[in-house]
Amino acid sequence: MGFLEGALRIMPGWEMTVFGHTLTLSLIIPALIAPGLLFTGLAVYPMLERRFTRDTRVHNLLDRPRDVPWRTGLGVAGIVYYGILWAAGGNDVLATAFGVSLYATTWFFRVAIFAGPVLGYLITYRICLGLQDRDRHTVTHGVETGVIVRGADGGYAEIDRPVTEEEAALLLAPGAVEPRELERRP
């Protein structure tokens, strides 16, 4: 219920009159739109992803998030959206604790509810791309062993070991390595 409380607190006091009856949008939008957006997105996302990417493979819990950066970014954006609404539910406590006006914390959360998920997506996407680059670098240049040797010219260099075929397959081609049976010992 915390995220619903936050949605109610940051919504401006909008009202409109329809056929002589007042509709309080400051209750309708947070009570219907905010949770509807969150839960409908959670329910429809797998079907939309399968349709747009045409990826019908089985995806397991242990798939690496860095291999699909946009999916990971969307997940983080959803978590940030929920987290901002949840934190906005305590904007009065935060205002008192940090000595800031309640008006300022409310406006902070009104801006953060739109900017936070976008920033969360972009930062996560870039982190995933950086991790993919690190994996490609590891395959190309080898694995650091931690062994440092001194050359004849007095300089120091680290010895790298080449990446095995299995390690390279795990780093570069997700889903390409099939599980295999364990060897049975007598």
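See the structure printed just above.
One structure accompanies this document, and this report is about it. (Residues numbered from 1 in each chain as written. Predicted model: local features only at pLDDT ≥ 70, side-chain atom pairs only at ≥ 80, totals over all residues. Heavy atoms only, no water.)

Attention shifts here to the packing of helix α5 (residues 102-141) against helix α6 (residues 165-172). Taken N-terminus to C-terminus, the directions of α5 and α6 make an angle of 160°; their axes are 9 Å apart at the nearest point. One way to sum up the angle between α5 and α6 is to call them roughly antiparallel. For the crossing formed where α5 meets α6, the hand is left-handed. Residue-level contacts link D135, R136, T138 and V139 of α5 to A168, L171 and L172 of α6. (Axes fitted to C-alpha atoms, helices over the stretch in contact; angles between N-to-C directions. Helix = DSSP H or I, 4+ residues; strand = E, 2+ residues; numbered from the N terminus. Parallel < 35°, antiparallel > 145°, perpendicular 65-115°, else oblique. Left-handed = near helix turned anticlockwise from the far one by under 90°. Contact = heavy atoms within 4.5 Å.)

Attention now goes to the pairing of strand β4 (residues 156-161). Bridging between strand β3 (residues 143-150) and β4 involves six bridges; their strand directions are antiparallel. Across the sheet, V149 pairs through a bridge with A157, a residue of β4. Here β3 folds back onto β4 in antiparallel fashion, the turn holding five residues, of which G154 has a positive phi close to 95°. (Pairing = 2+ DSSP bridges.)

The next subject is the packing of helix α1 (residues 2-10) against helix α3 (residues 69-88). Closest axis-to-axis distance for the α1/α3 pair is 6 Å, and the angle between their directions is 70°. Considering the angle they form, α1 stands roughly perpendicular to α3. Each of G2, F3, G6, A7, R9 and I10 in α1 lies in contact with α3, whose residues at this interface are Y82, L85, W86 and A88. In terms of residue class, the contact of α1 with α3 is built from seven nonpolar, two polar and one charged. (Nonpolar A, V, L, I, M, F, W, Y, C, P; charged D, E, K, R; others polar.)

Before going further, it helps to spend a moment on the packing of aromatic side chains. Under the defined criterion, the tally for this structure stands at five aromatic pairs. Residues F3 and F39 carry aromatic rings whose centres are separated by 6.0 Å and whose planes lie at 80° to one another, so their mutual orientation is edge-to-face. Remark: F39 occurs in helix α2 (residues 25-53) and F3 occurs in helix α1; sequence separation between them is 36 residues. Owing to a relative accessible area of 8%, F3 belongs among the buried residues under this scheme. Residue F39 is classed as partly exposed on the basis of its relative accessible area, which comes to 48%. (Phe/Tyr/Trp six-rings, centres within 6.5 Å; stacked < 30°, edge-to-face > 60°. Buried < 20%, exposed > 50% of the residue type's maximum accessible area, 1.4 Å probe, protein only.)

What follows deals with α1. Every buried residue of α1 is accounted for by F3, G6, A7 and I10. Looking down the long axis of α1, one finds its buried residues gathered within 100° of arc, a one-sided arrangement. On its buried face, α1 is in contact with α2, α3 and α5. (Arc of directions from axis to C-beta.)

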